[in-house]
Amino acid sequence: MGATTIVIGAGVVGLCVAERLAAAGDRVIVVDRSGPGAGTSGTSFVWLNANSKVPRAYHQLNVDGVEAWRRASQDSRTTAWLHLNGRIQWASGEAAIAALETAAAATAAWGYPVEAITVAAATRLEPDLLIPPDAQVRVWPTEGFLVPPLALEWLLVRALARNVELATGFEVVAIEVHGTGVRGVLGHTGRRLSADRVVCCAGRWTTSVLASVGVAVDVLPTVQGSPAIGLLGYASSSTARLGRTISTANLNVRPGRAAGRYVLQAPDLDRLADPDGPPDPGDTAARELLARTRTAVGGFTNARVDELRVGYRVVPADRITVSEWAPGLEGLYLVVTHSGYTLGLHLAELVAAEVAGGVESPALAYLRRARVDQAGAAASSADPAAAMTPIH
Ligand SMILES: Cc1cc2nc3c(=O)[nH]c(=O)nc-3n(C[C@H](O)[C@H](O)[C@H](O)COP(=O)(O)OP(=O)(O)OC[C@H]3O[C@@H](n4cnc5c(N)ncnc54)[C@H](O)[C@@H]3O)c2cc1C
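What counts and how
Residues numbered from 1 in each chain as written. Predicted model: local features only at pLDDT ≥ 70, side-chain atom pairs only at ≥ 80, totals over all residues. Heavy atoms only, no water. Pairing = 2+ DSSP bridges. Helix = DSSP H or I, 4+ residues; strand = E, 2+ residues; numbered from the N terminus. Axes fitted to C-alpha atoms, helices over the stretch in contact; angles between N-to-C directions. Buried < 20%, exposed > 50% of the residue type's maximum accessible area, 1.4 Å probe, protein only. Contact = heavy atoms within 4.5 Å. Polar contact = N/O pair within 3.5 Å; in protein donor to acceptor, adjacent residues only side chain to side chain. Phe/Tyr/Trp six-rings, centres within 6.5 Å; stacked < 30°, edge-to-face > 60°. Lys NZ or Arg CZ within 6 Å of the ring centre and 35° of its normal. Core = buried A, V, L, I, M, F, W, Y, C linked by side-chain atoms within 4.5 Å.

J.: Is there a simple way to think about the sheet that holds strand 2 (residues 27-32) in this case?
T.: Within a sheet, adjacent strands bond to each other through the backbone by hydrogen bonds, running parallel or antiparallel. The strand order across the open sheet formed by six strands is 9-2-1-13-20-19, and the pairing between neighbours is mixed. Of all strands in the sheet, those with a lone pairing partner are strand 9 (165-168) and strand 19 (322-325), marking the two edges. Between one strand and the next, the sheet's axes are offset by a mean angle of 15°, whatever the strand orientation. With four bridges joining them, strand 19 and strand 20 (residues 332-336) adopt antiparallel strand pairing. For W325, the partnering residue across the bridge sits in strand 20 and is Y333.

J.: Just checking my understanding: could you explain the pairing of strand 14 (residues 229-236) for this structure?
T.: Consecutive side chains along a regular strand alternate between the two faces of the sheet. Counting buried positions along strand 14 yields seven of eight residues, so the element is predominantly enclosed. Bridge count for strand 14 against strand 18 (residues 304-312) is eight bridges, and the pairing is antiparallel. Bridge pairing in strand 18 links G233 to L308. Inspection of the sheet shows strand 14 paired to strand 17 (residues 261-265) by four bridges, in the antiparallel sense. If you follow S236 over to strand 17, its bridge partner there is R261.

J.: Would you mind showing me how to read the environment of G340 here?
T.: Along the polypeptide, G340 turns up in helix 8 (residues 340-355). For G340, a relative accessible area of 12% puts it in the buried group. G340 sits 230 residues away from W110 along the chain, and the two C-alpha atoms are 22 Å apart. With near-sequence residues (within four places) excluded, G340 lies in contact with V12 and V13.

J.: What is the right way to look at the side chain of S41 in this model?
T.: Looking at the element boundaries, S41 is found in the loop between strand 2 and strand 3 (47-48). Within the local environment of S41, its side chain forms a polar contact with the backbone nitrogen of V12, the two atoms lying 3.0 Å apart. Not counting chain neighbours up to four residues away, the residues in contact with S41 comprise G11, V12, P148, L152 and Y341.

J.: Looking at this model, I keep getting lost on the packing of aromatic side chains. Mind explaining?
T.: How two aromatic rings sit relative to each other is set out by the distance from centre to centre and by the angle between their planes. Applying the stated criterion across every chain, the model contains five aromatic pairs. Geometrically, the ring pair formed by W81 and W154 is stacked, given 4.1 Å between the ring centres and 25° between the ring planes. Of the two residues, W81 is situated in the loop between helix 2 (56-74) and strand 4 (82-83) and W154 in helix 5 (residues 148-160); the sequence distance between them amounts to 73 residues. The class for W154 is buried, based on a relative accessible area of 13%. Taken together, W69, W81 and W154 form an aromatic cluster joined through their ring pairs. Above the face of the F45 ring, R254 is positioned so that its terminal group lies 5.6 Å from the ring centre. If you follow R309 out to its NZ or CZ, it ends over the ring of Y234, 4.3 Å from the centre.

J.: In this structure, what is going on with the pairing of strand 5 (residues 87-91)? I would like to understand it.
T.: Across the five residues of strand 5, five count as buried, placing the element largely inside the fold. Note: strand 5 against strand 7 (residues 136-140), five bridges, orientation antiparallel. Residue W90 lies in a different strand from strand 7, and its bridge partner there is V137. Bridge analysis of strand 5 against strand 15 (residues 245-248) gives three bridges, and the strand direction is parallel. Of the residues in strand 15, the one forming a bridge with I88 is I246.

J.: When you look at the nonpolar core in this model, what are you seeing that I'm missing?
T.: Across soluble globular proteins, nonpolar side chains show a tendency to be buried alongside one another. Counting residues in each nonpolar core, the largest one holds 47 residues, and the members touching the most others are V7, V17, W69, L146, L155 and V199. Where this core is concerned, the elements lending two or more residues are helix 1 (12-23), strand 2, helix 2, helix 5, strand 20 and helix 8. The element contributing the most residues to this core is helix 8, with nine residues. When near neighbours in sequence (up to four residues on either side) are disregarded, V7 contacts G14, V17, A18, L21, V28, I29, V30, V31, V199 and C201. By size, the runner-up hydrophobic cluster in this structure holds 34 residues, among which are W90, A122, A135 and A285.

Laid out in structure tokens, this is it:
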């Protein structure tokens, strides 16, 4: 048995990293104060994509992320957790069409597959779409979505099959240090777990978890109006039929876990989400989400949004993943990322090579904190407006 590594957090990132570290020979213990999916991974749109991801290296990381899911599904006996069946997007009206064409051209220039199709072809793929006759339609054939509870279950089973140990209800209150190196974690009950290394995958709690060792990452604030706050509507319709993710200029819809269940997202409505107040499925945001969905997909006339959830993204200030050894402290590694579903599997492979293999991954070279600290000063402090630009 190799080194003992504690992974803090059983979200999508922590579960992916734990499995790869165990595959590399570590004894791995995942600790979570609640359980798998209790954090942001339980409230996510889970669109797998590299769309609008810049710069080029980050786009490529996301392309590789989606590809990692495709490969994993080929090696798995169950695939109900993954739908890589493409995303259909349309735009109608001069400005929206121009924006769609610009976005499609930009991604196509990087070799990212995108196809122009007719309205008729789109409705052959998804008969319930209500696409205006003058619309321009694009399909991104490599994109898709995961079904979060099933995907998390699959990741957990896969990790347990590698003998990863899971300690739920274990809240880390301190990372324990001896000299210049990490020696384990201290739980809220006073229980100590010893380890040679600790990998922090605590998502939006990263800052509080790392406070005990004085490590900080500049992330976007989780205040109302910040792109770190996202709103998702959950609706049921017994008559709508939709098998793919679809997008318009102001709406994203994907199928949910059960038949007839759909997840609705409109990034411009995220600003209505109050991080301190429970969202009401009868409020303005829910009504607007449903109204937009009714104009985009048939079969929603009698549907209603029965659940509205606020999600909290952890977004490094310049919006790009941080993945690195904590400076000045041996044995502490941190992974902080938005798009954790798209990136989780692939990132875990690279992280495990650095953590267990001791090999610096060139693909992670630009995912270091020094970059965020510089950009963060511009994005979150000096220029608050930049920190408020929406994230999809
Ligand atoms: C509205 C919304 C839409 C999104 N859409 C997409 C999308 O379309 N595509 C995509 O790829 N990504 C999307 N994301 C982002 C994605 O969901 C996240 O990047 C991902 O879920 C983060 O996973 P994580 O494992 O890093 O964090 P989390 O899932 O938050 O996991 C962190 C875990 O750490 C545990 N923890 C915290 N503190 C402690 C402690 N002290 N001790 C022990 N355990 C602790 C928590 O209980 C939690 O389980 C979206 C996010 C939101 C909010």
